[in-house]
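Take a look at the letters that make up each chain.
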Amino acid sequence: YEYEIISSKITKGFDGFKIAHFSDILYQKELDYENTSNIINKINDEKVNMVIYTGDVIKNANTEDINKIGNLFSKIDADYKYAILGDNDNDNVKEMLIKSNFIVLNNNYVYVYNKDQTPIKIVDAINFDISLLDNEEDINPSFIIGLLHKPDDFKTLNNYNIDVIFAGHSLGGQIRIPFWGALIKKDG
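Given the structure is predicted, the values throughout are model-derived calculations rather than measurements.

1. Overview of the sheet that holds strand β7 (residues 143-148)
Part 1 of the reasoning: In space, the four strands of this open sheet follow the order β5-β6-β7-β8, with mixed pairing throughout. Of all the strands in the sheet, the pair left with one neighbour each is β5 (109-112) and β8 (164-167). Here the average twist between neighbouring strands, direction ignored, is 20°.
Part 2 of the reasoning: In terms of strand pairing, β7 meets β8 through four bridges, oriented parallel. Its bridge partner lying in β8, isoleucine 145 is registered against valine 164.

2. So, the nonpolar core
Part 1 of the reasoning: Within the largest apolar cluster, 23 residues are counted, with the highest numbers of intra-cluster contacts made by Val51 and Phe73.
Part 2 of the reasoning: Elements with a contribution of two residues or more to this core: β1 (19-22), α1 (30-45), β2 (50-53), α2 (63-73) and α3 (91-99).
Part 3 of the reasoning: Each residue touching phenylalanine 73, except ones within four places of it in the same chain, is listed here: Phe22, Ile25, Thr36, Ile40, Tyr53, Val57, Lys81, Met96, Leu97, Ser100 and Phe102.
Part 4 of the reasoning: Of all hydrophobic cores here, the second largest spans 16 residues; its members include Phe14, Ile52, Tyr82 and Phe166.

3. Some points on the packing of aromatic side chains
Part 1 of the reasoning: All chains considered together, the criterion is met by eight aromatic pairs.
Part 2 of the reasoning: Consider the rings of phenylalanine 22 and tyrosine 53, whose centres lie 4.6 Å apart with planes at 70°: the pair is edge-to-face. With phenylalanine 22 in strand β1 and tyrosine 53 in strand β2, this residue pair connects regions lying 31 residues apart in the sequence. Here phenylalanine 22 matches tyrosine 53 in class, with each residue buried.

4. Quick word on the sheet that holds strand β4 (residues 103-104)
Part 1 of the reasoning: Reading across from one edge, β1-β2-β3-β4 is the order of the four strands in this open sheet, with parallel pairing throughout. Lying at the two open borders of the sheet, with one neighbouring strand each, are β1 and β4.

5. Things to note about the side chain of aspartate 24
Part 1 of the reasoning: Inspection of the secondary structure puts aspartate 24 in the loop between β1 and α1.
Part 2 of the reasoning: The class for aspartate 24 is buried, based on a relative accessible area of 12%.
Part 3 of the reasoning: Separated by 2.6 Å, the side chains of aspartate 24 and serine 23 make a polar contact.

6. Digging into the layout of surface pockets
Part 1 of the reasoning: Of the volumes computed, that of the second largest pocket is approximately 200 Å³.
Part 2 of the reasoning: What lines the second largest pocket is Thr63, Ile66, Asn67, Gly70, Asn92, Glu95, Met96, Lys99 and Ser100.
Part 3 of the reasoning: Residue assignment for the lining of the second largest pocket shows that the elements contributing at least two residues are α2 and α3.
Part 4 of the reasoning: In terms of residue class, the lining of the second largest pocket is made up of two nonpolar, five polar and two charged.

7. Considering unusual backbone geometry
Part 1 of the reasoning: Even without a glycine there, the phi angle at leucine 26 is positive, about 45°.
Part 2 of the reasoning: By the secondary structure assignment, leucine 26 is in the loop between β1 and α1.
Part 3 of the reasoning: Even without glycine at this site, lysine 115 takes up a positive phi of about 65°.
Part 4 of the reasoning: You can call lysine 115 exposed: its relative accessible area is 73%.

8. A word on the pattern of salt bridges
When charged atoms on two side chains of opposite charge get close, those side chains can pair.
Part 1 of the reasoning: For the structure on display, the rule yields three salt bridges.
Part 2 of the reasoning: Among the ionic pairs, aspartate 163 bridges to lysine 9, the shortest N-O distance being 2.6 Å. Of this pair, aspartate 163 sits in the loop between β7 and β8 while lysine 9 sits in the segment before β1, placing them 154 residues apart in sequence.
Part 3 of the reasoning: By relative accessible area, aspartate 163 is classed as partly exposed at 27%.
Part 4 of the reasoning: Given a relative accessible area of 32%, lysine 9 falls into the partly exposed group.

About the criteria used
- Residues numbered from 1 in each chain as written.
- Predicted model: local features only at pLDDT ≥ 70, side-chain atom pairs only at ≥ 80, totals over all residues.
- Heavy atoms only, no water.
- Pairing = 2+ DSSP bridges.
- Helix = DSSP H or I, 4+ residues; strand = E, 2+ residues; numbered from the N terminus.
- Axes fitted to C-alpha atoms, helices over the stretch in contact; angles between N-to-C directions.
- Core = buried A, V, L, I, M, F, W, Y, C linked by side-chain atoms within 4.5 Å.
- Buried < 20%, exposed > 50% of the residue type's maximum accessible area, 1.4 Å probe, protein only.
- Contact = heavy atoms within 4.5 Å.
- Phe/Tyr/Trp six-rings, centres within 6.5 Å; stacked < 30°, edge-to-face > 60°.
- Polar contact = N/O pair within 3.5 Å; in protein donor to acceptor, adjacent residues only side chain to side chain.
- 1 Å grid on protein atoms, 1.4 Å probe; cavity = no way out; pocket = protein on both sides within 12 Å on 5 of 7 lines; lining within 4 Å.
- Points joined across faces, edges and corners; volume = space filled by probe spheres on them.
- Nonpolar A, V, L, I, M, F, W, Y, C, P; charged D, E, K, R; others polar.
- Salt bridge = Lys/Arg side-chain N within 4 Å of Asp/Glu carboxyl O.

This is the structure:
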């Protein structure tokens, strides 16, 4: 799906900036390799500026599978590649993401500049620490993007100045109605 984010806070330097978000590959068998390869090909076809991955790369982490996924993830073509870890990810997955040129935001943040001097800020909101929103460097981002693995953790961020949140953990899909809760929710 494609969504356009319109905000007066986003500077002209980010006009036309494209972000691809995906999550929860949960690779566990050869068929998943082809599906993951197709996803990555679609991302590359879109010629995005940034790719965000919000966790759960592999179901049962073994070296062979991690190497296969790492090979695919390294083919993702984007100026910026950021990831957070999911509840099924471990240090081997983190290393694979780093080798695939992703910056793993482990309870941290980055500033992204594009065509002007005002950045956006990407924040790992999994283990949310309010200090991540402080601008200690005297840099004032125009827009803040929060990354979560579990969308239910969104409730903890309601009172903070995060403009948009990308979350994973859908495990094949969920149906939620705001203020009502989950109608259909996968266990996990």
